[in-house]
Amino acid sequence: MKRLISILSMLFVFFLAPSAGAHSTLVSSNPSADSTVVDFPMEVTLTFNEELLKVGQENPNKVEVFDESGALVSGASVLSGASIAAPVGINGNGAYTVKYRVVSKDGHVVEDEYQFNVESPIAIATPISAPIEPAEDGSNLLIRIVVLAALGFGVFISFRKASSSFGSRPR
Ligand SMILES: [Cu+2]
């Protein structure tokens, strides 16, 4: 038994060890790591040294871009052979972090992150924020309560109707 284990472990080392060093590595990216771009990028593209793994229609590979506040600014990742890209919505200057998690052909997960900077001369000084909500005054609150009560009543009535019609359903 001990001998079998040692033979198996030798086979394991012989066949699996070389592939361990052969998993995907990032070859290039756009915007590239630690670079400064003057135009707002429309997407972030990462290119690896080999095709990334795709299981059926499932894409286990992901690239995400975050702004300085940690907010996600990228959309769904699109895999194309050895490249993976994600559309980004960037309209402000600053440092952006690209995080990726990809699966090599050999099944190994490779994940890392890098940063790039955006320094556009046409950047909006203060990023467009969500519209300012009007202060909740008394009448506003009352309207809200009335609407909520009406909604609740409507749900109650339709529920009663549904249950009574169900009860009187002919057999
Ligand atoms: Cu590997």
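All of these numbers come straight from a predicted model, not from anything done at the bench. (Residues numbered from 1 in each chain as written. Predicted model: local features only at pLDDT ≥ 70, side-chain atom pairs only at ≥ 80, totals over all residues.)

J.: Go over the overall build of the protein chain, please, and point to the residues and values.
T.: A tally of regular secondary structure across the protein chain gives two helices and eight strands. For the protein chain, the α and β elements follow one another from N to C terminus as α-β-β-β-β-β-β-β-β-α. The buried share of the protein chain, reckoned over its 171 residues, is 15%. (Helix = DSSP H or I, 4+ residues; strand = E, 2+ residues; numbered from the N terminus. Buried ≥ 20, exposed ≤ 12 C-beta atoms within 10 Å, placed from the backbone.)

J.: Before we move on, can you summarise the sheet that holds strand 4 (residues 62–66) with the specific residues and values?
T.: Read from one edge to the other, the open sheet built from four strands follows the order 2-8-7-4, with strand pairing classed as mixed. Of all the strands in the sheet, the pair left with one neighbour each is strand 2 (36–37) and strand 4. Sheet analysis places strand 4 next to strand 7 (residues 94–103), joined by five bridges and oriented antiparallel. Along strand 7, the bridge assignment pairs Val63 with Tyr100. (Pairing = 2+ DSSP bridges.)

J.: So, the sheet that holds strand 3 (residues 43–48): which residues are in play, and what are the values?
T.: Sheet strands pair via backbone hydrogen bonds, and the direction of the pair is either parallel or antiparallel. If you trace the four strands from one edge of the open sheet to the other, you get 1-3-6-5, paired in antiparallel fashion. With one partner strand each, in any of the chains shown, strand 1 (26–30) and strand 5 (78–80) form the two edges of the open sheet. Averaged over neighbouring strand pairs, the angle between their axes works out to 15° when direction is ignored. Bridging between strand 3 and strand 6 (residues 83–87) involves five bridges; their strand directions are antiparallel. Bridging from a neighbouring strand, Thr45 pairs with Ala85 of strand 6. (Axes fitted to C-alpha atoms, helices over the stretch in contact; angles between N-to-C directions.)

J.: Run through the nonpolar core, naming residues and quoting values.
T.: Membership of the largest hydrophobic core comes to 18 residues, with the highest contact counts inside it found for Val44, Val63 and Val98. When residues of this core are traced back to their parent elements, those giving at least two are strand 3, strand 4, strand 6, strand 7 and strand 8 (109–118). In terms of residue count, strand 7 provides more of this core than any other element does, five residues in total. Discounting chain neighbours no more than four positions away, the residues touching Val63 are Val44, Leu46, Ser74, Ser77, Ile84, Ala86, Val98 and Tyr100. (Core = buried A, V, L, I, M, F, W, Y, C linked by C-beta atoms within 7 Å. Contact = placed C-beta atoms within 7 Å.)

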